[in-house]
Amino acid sequence: MKFTVGQAIPQEVIATATREVLKEYSEASGDPNPIHLDEAAAKKAGLPTIIAHGMLVAGWVSERARRWMLREGLDSHWGWAGIRFRFRAMTLLNDAIAVGGQIKEADDQHLVIELDAKNPRGEIVIHATLTLQKRN
Amino acid sequence: MDLKSKIGTRSKIYSEILDAAKVTRFAQAVAYPDNQTIPPTYPTRFRSGEFELFDQLQVPLWRVLHGEQEYEYTSDLRVGQALEYETIFADYHEKKGSKESLHFLIFETQVRSAGAETALLITRSTMIIRGTLG
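Residues numbered from 1 in each chain as written. Chains lettered and ligands numbered in written order. Predicted model: local features only at pLDDT ≥ 70, side-chain atom pairs only at ≥ 80, totals over all residues. Heavy atoms only, no water.

Visitor: Break down unusual backbone geometry for me, with residues and values.
Guide: Residue and element names in this part refer to chain B. Positive phi outside glycine occurs at A31, with the angle close to 55°. Position of A31 among the secondary structure elements: in the loop between α1 (20–29) and α2 (48–56). Despite not being glycine, Q58 shows a phi value in the positive range, around 60°. On the secondary structure map, Q58 appears in the loop between α2 and β2 (65–73). (Helix = DSSP H or I, 4+ residues; strand = E, 2+ residues; numbered from the N terminus.)

Visitor: Describe the interface of chain A and chain B, with residues and values.
Guide: Between chain A and chain B, the residue contacts involve 31 residues of the former and 27 residues of the latter. The contact between chain A and chain B buries some 2,900 Å² in all, and 57% of this surface belongs to carbon and sulfur atoms. Our enumeration of links across chain A and chain B arrives at seven salt bridges. Across the salt bridge formed by R135(A) and D76(B), the nearest N and O atoms sit 2.8 Å from each other. Here chain A is connected to chain B by twelve residue pairs in polar contact (both at pLDDT 80 or more). (Contact = heavy atoms within 4.5 Å. Buried area = accessible area lost by both parts, 1.4 Å probe. Salt bridge = Lys/Arg side-chain N within 4 Å of Asp/Glu carboxyl O. Polar contact = N/O pair within 3.5 Å; in protein donor to acceptor, adjacent residues only side chain to side chain.)

Visitor: Tell me about the sheet that holds strand β4 (residues 101–113) of chain B, residues and numbers included.
Guide: The strands making up a sheet associate through backbone hydrogen bonding, with each pair oriented either parallel or antiparallel. Spatial strand order, β1(A)-β3(A)-β4(A)-β5(A)-β2(A)-β2(B)-β5(B)-β4(B)-β3(B)-β1(B): ten strands in an open sheet with antiparallel pairing. Two strands bound the open sheet, and with one partner strand each, they are β1 (8–16) of chain A together with β1 (14–17) of chain B. If you compare each strand with its neighbour and ignore which way they point, the axes differ by 20° on average. When strand β3 (residues 82–96) of chain B meets β4(B), the two strands line up antiparallel, connected through 13 bridges. If you follow I88(B) over to β4(B), its bridge partner there is E108(B). Together, β1, β3, β4 and β5 (119–130) of chain B form the strand contacts of α2(B), whose direction differs from that of β3(B) by roughly 45°. (Pairing = 2+ DSSP bridges. Axes fitted to C-alpha atoms, helices over the stretch in contact; angles between N-to-C directions.)

Visitor: Could you give an account of the pattern of salt bridges, with specific residues and numbers?
Guide: Residue and element names in this part refer to chain B. Throughout the structure, instances matching the rule amount to 28 salt bridges over all chains. Across the salt bridge formed by E16 and R45, the nearest N and O atoms sit 3.7 Å from each other. One end of the pair, E16, is in strand β1; the other, R45, is in the loop between α1 and α2, with 29 residues separating them in the sequence. For the pair formed by E16 and R45, the shared burial category is buried. Here R130 and E100 are joined by a salt bridge, their closest N and O atoms 3.9 Å apart. Note that R130 is positioned in strand β5 and E100 in the loop between β3 and β4, a separation of 30 residues in sequence. The exposure class assigned to R130 is partly exposed, which follows from its relative accessible area of 31%. Overall, E100 belongs to the partly exposed group, its relative accessible area being 36%. (Buried < 20%, exposed > 50% of the residue type's maximum accessible area, 1.4 Å probe, protein only.)

As structure tokens, this is what we get:
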């Protein structure tokens, strides 16, 4: 097994929460919550401006994991066993989100990685624990 | 509304065929360019039961903040698969903060192959509402 616990998964900027990106995600995901689209609705909810969907940024976290798996040569014999996303801060309109982390557990059958998504203010927006399992 | 007494409320059963065009659009929307595999967050589309329960529990959507999302995958989803899913209002608790109370609503969704008994995947959402409810 070539993986070691503590090995870094370098931080990479994945995407930016522009108005167009939020609108497209609302439609593609079927999430009708107006706090992602409408400034007035966001303010009514006590938010400073419209915010990105937690699950949109969770998708970006998954994309970071996918790139890492590709680079490490983890092929289709590896599949997802579980993912837990904890939403800790907000992604505001036009925030660029960077994702990186490290390997937490590794053996022949399982890999557990932890990834943090950070906004430009350095806040952790999502802390994710992702478990991969070898499919025999 | 006394949310505690509503724990165990179930949505109806929803059916969906995993449609290639919808999967592609979703993957593009989350900057996931791989067209070999379905993004692991795709099951966020199976939230109709959750929305139905928000309605039943009289929780307005604009007040809902996502606290945590968990997925347990038993097998990979495939395009073309016929699925059914249903959501249960699994748990509820409150925390009194210094300024306002926080309400935690937990929803669990089982996604199955149509007609099957065992789940292909289980999703667990923790939703937070701040302030006074009802």
